[in-house]
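Residue strings, one per chain:
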Amino acid sequence: MSLQKIVLLLLSVLLLGSLGCYEQAAQVMVPPPAASDAPSPSPDSTPAVSEISVNEVEPTETPTTVPTATPSPEPTPSPTPEPTATPVPTPQTAVIGAVGDIMIPSGIIGDVRSGSNYDFSALFAPCAELFSSVDLMCANLEVPLAGESAGYSAMLTGETGIPRFNAPDSLLDALKDAGFDLLTTANNHVLDKETDGMYRTTEVIRDAGFYQTGTFLDEDDRETPCIIEVNGIRIGIVAATRVINERIKHITMDEAHVAVGLLSEGDQLTDDVLEDLERVKDAGAEFIIVFAHWDYENPNPVDKITRRLAEQLLKAGADCIIGSHPHYVKSIEYTTVLRGREEYTGLVAYSLGNFTANEGFERSTGLYLQLTLEKDFETDTVSLIDAAYLPTFVMRRAIEKPRFAAFPVFEDTSSLKRFDLSRNEQKSFSRAREYAMNVIGEVDGLRLLDE
């Protein structure tokens, strides 16, 4: 074989080996051989050639699959609770009832007497259902409770020519059973049985479980405000009289200023009543009622001094005024005054007349006044949301004792059928109702209770 053929043969072998390395290198990383491992061609058989190393060809790496990490789910955040609004309490209401003067003259004393007992229950029975339905039932008690030894009501005395009243303590039992809660005692008959009788009256009323104001036991008692809470509404009560029986000379004016709520000097309120109003306001009263014993014992229109005093009371903080003393029904009005820098409109009932008495037709006709207060807890205010009235009538019935009874004068008298009213009695009711309605007239914001 010629040398040329041998060289061509060697070149072919080398080329075939190189192609095999590329193919392998494409699949596997091969480490380069050490220099000492390379074969040394025999000088006799292997021609000198340029060395081709597999290192000169960069193998392609087989891509390594990296597992994709499964992301952990993000924890669901707990929702931030919405702040719960403090619930506003439902508005509360308080219903207040009031009647006029409770007079216990000698005729009624004799009517309810049986031996040594005095049972007044029949006198108030017709009104008990109505009075017990309200939250706070009020009246002006115009008769002392001075005890039997002081002598019960007599018509006239030779010394003064005016009645001197006094009733048995059992009167309080009947008033309690009829639904009364508050008795005011600031009136011109408070000293009919002198100072001992006045102080005893205050004590026995309180001992019987009534609220009471208008007369006081001492200076500390005088400075204790009368606050009555009804269904969460704080009601302040002030009672004062313009008159005390003048001819009774057993008390000095200094003593009277402590013992009795005195309303006015001339046409101006006393410092006493102004201080009483401040005390109930400072004690947290949200609605203030003044029971005023004022005006004159006649059916005439309300006196201008009385109106002036009403305006002063409203300016000083009274929200409602309930009047007594005339023994006749007088007007009910809304009066607007400037209280501070703001206008305020208050209800003034100038006289509710008599609730119990033994007198003529007009002086036996009275009024029941019903007020509804509402407390708005959101605004923290108390307001008068309803005012209504109903005539009352006390009569001496043509039956066996006890004859006297005070009735609510509804248009429909069927609720009173258990009292077996005669035709003449029903006519008296109709007449009393018409009389009272004519005196009151049409007043915006005041309704007849049963209409």
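Everything below is about the structure printed above this text.
Quick notes on the rules
Residues numbered from 1 in each chain as written. Predicted model: local features only at pLDDT ≥ 70, side-chain atom pairs only at ≥ 80, totals over all residues. Heavy atoms only, no water. Helix = DSSP H or I, 4+ residues; strand = E, 2+ residues; numbered from the N terminus. Contact = heavy atoms within 4.5 Å. Areas by Shrake-Rupley, 256 points an atom, 1.4 Å probe, with all protein chains shown as cover. Buried < 20%, exposed > 50% of the residue type's maximum accessible area, 1.4 Å probe, protein only. Pairing = 2+ DSSP bridges. Axes fitted to C-alpha atoms, helices over the stretch in contact; angles between N-to-C directions. 1 Å grid on protein atoms, 1.4 Å probe; cavity = no way out; pocket = protein on both sides within 12 Å on 5 of 7 lines; lining within 4 Å. Points joined across faces, edges and corners; volume = space filled by probe spheres on them. Nonpolar A, V, L, I, M, F, W, Y, C, P; charged D, E, K, R; others polar. Right-handed = clockwise from strand over helix to strand, strands pointing away.

Q: How should the overall build of the chain be read in this particular structure?
A: Secondary structure summary: the chain contains 11 helices and 19 strands in total. Long-range pairs, those at least 24 residues apart, make up 73% of the contacts in the chain with a sequence separation of at least 6. Summed over its atoms, the accessible surface of the chain is roughly 24100 Å², and 51% of this surface lies on carbon and sulfur atoms.

Q: I would appreciate a short explanation of the pairing of strand β1 (residues 92-102) in the present structure.
A: Along any regular strand, the residues point their side chains to alternate faces of the sheet. Among the 11 residues in β1, nine count as buried, and that is most of the element. Bridge analysis of β1 against strand β16 (residues 365-376) gives eight bridges, and the strand direction is antiparallel. Across the sheet, the residue bridging to A94 is L373, located in β16. Pairing of β1 with strand β4 (residues 136-141), which is carried by five bridges, proceeds in the parallel orientation. In the sheet register, D101 faces β4, and the bridge partner there is N140.

Q: Even after reading the chapter, I still don't get the side chain of T202, so can you show me in this structure?
A: Along the chain, T202 falls in helix α6 (residues 194-207). Exposure remark for T202: the relative accessible area of 0% places this residue in the buried category. Dropping the residues within four chain positions of it, T202 is found in contact with Q212, T215 and L217.

Q: I'm lost on the sheet that holds strand β7 (residues 226-230) in this one. Help?
A: Paired through backbone hydrogen bonds, the strands of a sheet run either parallel or antiparallel to each other. An order of β7-β8-β11-β12-β14-β13 is seen for the six strands of this open sheet, with the pairing classed as mixed. Each edge of the open sheet carries a strand with a single partner, namely β7 and β13 (332-339). Along the sheet, successive strands turn relative to each other by an average axial angle of 25°, direction set aside. The pairing of β13 with strand β14 (residues 342-349) spans eight bridges and is antiparallel. Each bridged residue has a counterpart across the sheet, and for Y334 the counterpart in β14 is L347.

Q: Teacher, can you tell me more about empty space enclosed by the protein here?
A: If a probe as big as a water molecule is rolled over the atoms, it shows which places are left empty. Evaluated as defined, the whole model comprises three cavities of 30 Å³ or more. Quantified by volume, the largest cavity comes out at close to 100 Å³. Considering the residues around the largest cavity, the lining is formed by T213, F216, R222, T224, P225, C226, I237, V238, A239, D276, R279 and V280. For the lining of the largest cavity, the elements supplying multiple residues, two or more each, are β8 (233-241) and α9 (271-282). Residue composition of the lining of the largest cavity, by class: seven nonpolar, two polar and three charged. One number sums up the size of the second largest cavity: a volume of about 80 Å³. Together, 14 residues line the second largest cavity, and N140, T184, F291, I322 and S324 are the ones closest to its centre. Elements with a contribution of two residues or more to the lining of the second largest cavity: β1, β4, β11 (287-293) and β12 (320-324). Tallied by class, residues from the lining of the second largest cavity come to seven nonpolar, six polar and one charged.

Q: Before we go on, may I ask you to explain the pairing of β12 in this structure?
A: With five of its five residues buried, β12 lies for the most part within the structure. Along β12, one buried face is formed by C320, I322 and S324 and the opposite face, lined by I321 and G323, is buried too. One ladder, built from five bridges, connects β11 with β12; its direction is parallel. Bridged to V290 within β12 is I321. Taking the sense of rotation as the criterion, the β-α-β connection linking β11, helix α10 (residues 304-316) and β12 turns out right-handed. Bridge analysis of β12 against β14 gives three bridges, and the strand direction is parallel. The residue bridging I321 from the neighbouring strand is V348, located in β14.

These figures come from the coordinates and say nothing about function on their own.
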